[in-house]
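# Structure at a glance
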Amino acid sequence: MEKLRARTGEEKDIRKNRLLATAKHLFSTHGYQGTRISMITREAGLSPAAFYLYFKGKTDIYRALCLEGTKVLSGMIRESLSRDFPDHISKITALGRAYVDFFVTHRAYYDIITVHHLGQNDFFMDLDMVPELEARGTELLHILSSVIEAGITANEFSPEDPWKTAALLWGMMDGVLLMEVRQTTGYIGLDLEALIQHFFNTVMAVLKKRD
């Protein structure tokens, strides 16, 4: 276990990133409640004193990982919307696919952000963490809502409330992904891709403006 204090900025960054990577693995495996600081420092090969040079406590490092994850997700969504689309349904599908890709390729971040903090009172009592994460979440909802609103303006979608529709779609998408997390898709005989494709087909049918 390393005990010497990091002397350079690069060494500090390396140690901090090692703690973050270790914590991400442990939180995604054991959940928020099941992970202790001693577990993080032991697996990272650092002393508890080294941990407190970078983070105030377990909630602080969890917050940092939540913010990292939402930043990755935001980047993937913005990248998915950066190309030209023939219509707004295609744009919504691309956005939804970006969220599914985030779930598949960054599962640890998804679990940390969406699953493992649920029911943990100390998480929700953190007055610094919650507003910042809520702001990130509403930012992504605003992106989806703006696409829906643009589709209504283009006369492609039925004139429903864009914000409520965006919230509903996001909740439904999360519901599908949580079925995969809980392995519900397996025992009901549906694979994730088939369920996601049906979700997109249903969304298209509901959103499209009827003559």
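Everything below is about the structure printed above this text.
Notes on the structure in this doc start here. All figures in this text were calculated on a predicted structure; none of them were measured in a lab.

## Considering the packing of aromatic side chains
Each aromatic ring pair is characterised by the separation of its centres together with the angle its planes make. Enumeration according to the criterion identifies nine aromatic pairs in this entry. Arranged with centres 4.7 Å apart and planes meeting at 85 degrees, the rings of Phe-27 and Tyr-62 form a pair that is edge-to-face. On the criterion of sequence distance, the pair formed by Phe-27 in helix H1 (residues 9–30) and Tyr-62 in helix H4 (residues 58–80) is long-range, its members being 35 residues apart. Classification of Phe-27 as buried rests on a relative accessible area of 0%. Of the residues examined, Tyr-62 reaches a relative accessible area of 0% and is grouped as buried. Between Tyr-32 and Tyr-62, the aromatic rings sit 4.8 Å apart at their centres with planes inclined by 85 degrees, giving edge-to-face as the arrangement. Taken together, the residues span a long stretch of sequence, with Tyr-32 in the loop between H1 and helix H2 (37–44) and Tyr-62 in helix H4 at a distance of 30 residues.

## Quick look at the packing of H1 against helix H6 (residues 107–115)
Contact geometry of H1 with H6 gives a least axis separation of 9 Å together with a crossing angle of 65 degrees. The chirality of how H1 crosses H6 is left-handed. Residues Lys-24, Phe-27 and Ser-28 of H1 lie in contact with H6, whose contacting residues are Ala-108, Tyr-109, Asp-111 and Ile-112. The class makeup of the residues in the contact of H1 with H6 is four nonpolar, one polar and two charged.

## What about the packing of helix H5 (residues 88–105) against H6?
Each packed pair of helices is defined by two parameters, the angle between the axes and the distance between the axes. For the pair H5 and H6, the least separation of the axes is 5 Å and the interaxial angle reads 105 degrees. The pairing of H5 with H6 is recorded here as roughly perpendicular in orientation. Residues Tyr-99, Phe-102, Phe-103, Val-104 and Thr-105 of H5 form the contact with H6, whose own contacting residues are Arg-107, Tyr-109, Tyr-110, Ile-113 and Thr-114.

Conventions and cut-offs
Residues numbered from 1 in each chain as written. Predicted model: local features only at pLDDT ≥ 70, side-chain atom pairs only at ≥ 80, totals over all residues. Heavy atoms only, no water. Phe/Tyr/Trp six-rings, centres within 6.5 Å; stacked < 30°, edge-to-face > 60°. Helix = DSSP H or I, 4+ residues; strand = E, 2+ residues; numbered from the N terminus. Buried < 20%, exposed > 50% of the residue type's maximum accessible area, 1.4 Å probe, protein only. Axes fitted to C-alpha atoms, helices over the stretch in contact; angles between N-to-C directions. Left-handed = near helix turned anticlockwise from the far one by under 90°. Contact = heavy atoms within 4.5 Å. Nonpolar A, V, L, I, M, F, W, Y, C, P; charged D, E, K, R; others polar. Parallel < 35°, antiparallel > 145°, perpendicular 65-115°, else oblique.

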